[in-house]
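Coordinate inspection notes
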Amino acid sequence: MAVSMKALRVNANLTQEEMARKMGISRDVYIQIENGKDAKAYYIYAFCQLIGCTPDDISTPKISTKFQ
């Protein structure tokens, strides 16, 4: 069952700031990744290496294509 990056990070007892520092990026960039806005493959793989998961373990946020 896939879970969110946030859930995996929280389960690892890491804050967004700590995770960003471990990945070598700013907290702002990390927040975008966690929200699915800048989830490039190399960020996902770096995250997985640090957390100890696979990309298949991560659920991605659903993006609505409906017009408001």
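Refer to the structure printed above.
The present account deals with the structure reproduced in this document.

Cut-offs applied
Residues numbered from 1 in each chain as written. Predicted model: local features only at pLDDT ≥ 70, side-chain atom pairs only at ≥ 80, totals over all residues. Heavy atoms only, no water. Salt bridge = Lys/Arg side-chain N within 4 Å of Asp/Glu carboxyl O. Helix = DSSP H or I, 4+ residues; strand = E, 2+ residues; numbered from the N terminus. Buried < 20%, exposed > 50% of the residue type's maximum accessible area, 1.4 Å probe, protein only. Axes fitted to C-alpha atoms, helices over the stretch in contact; angles between N-to-C directions. Parallel < 35°, antiparallel > 145°, perpendicular 65-115°, else oblique. Contact = heavy atoms within 4.5 Å. Nonpolar A, V, L, I, M, F, W, Y, C, P; charged D, E, K, R; others polar.

Quick word on the pattern of salt bridges
Applying the stated criterion across every chain yields a total of one salt bridge. With a closest N to O distance of 2.7 Å, Glu-34 and Arg-9 form a salt bridge. With Glu-34 in helix H3 (residues 27–34) and Arg-9 in helix H1 (residues 5–11), the pair connects residues that are 25 residues apart, well separated along the chain.

Some thoughts on unusual backbone geometry
Even without a glycine there, the phi angle at Asn-13 is positive, about 60°. Looking at Asn-13, the relative accessible area reads 67%, which means it is exposed.

Notes on the packing of helix H2 (residues 16–23) against H3
Angle between the axes and distance between the axes: these two values describe a pair of packed helices. Running from amino to carboxyl end, H2 crosses H3 at an angle of 100°, the nearest separation of the two axes being 9 Å. In terms of orientation, H2 and H3 fall into the roughly perpendicular class. Contact with H2, carried on its side by Gln-16, Glu-17, Met-19, Ala-20 and Met-23, involves Arg-27, Tyr-30, Ile-31, Ile-33 and Glu-34 of H3 and no other residues of that element. A breakdown of the residues in the contact of H2 with H3 according to their chemical character gives six nonpolar, one polar and three charged.

Remarks on the packing of H2 against helix H4 (residues 41–51)
Where H2 meets H4, the closest approach of the two axes is 10 Å, and the angle between their N-to-C directions is 110°. Considering the angle they form, H2 stands roughly perpendicular to H4. Residues Met-19, Lys-22 and Met-23 of H2 touch H4, and the partners they reach there are Tyr-43, Ala-46, Phe-47, Leu-50 and Ile-51.

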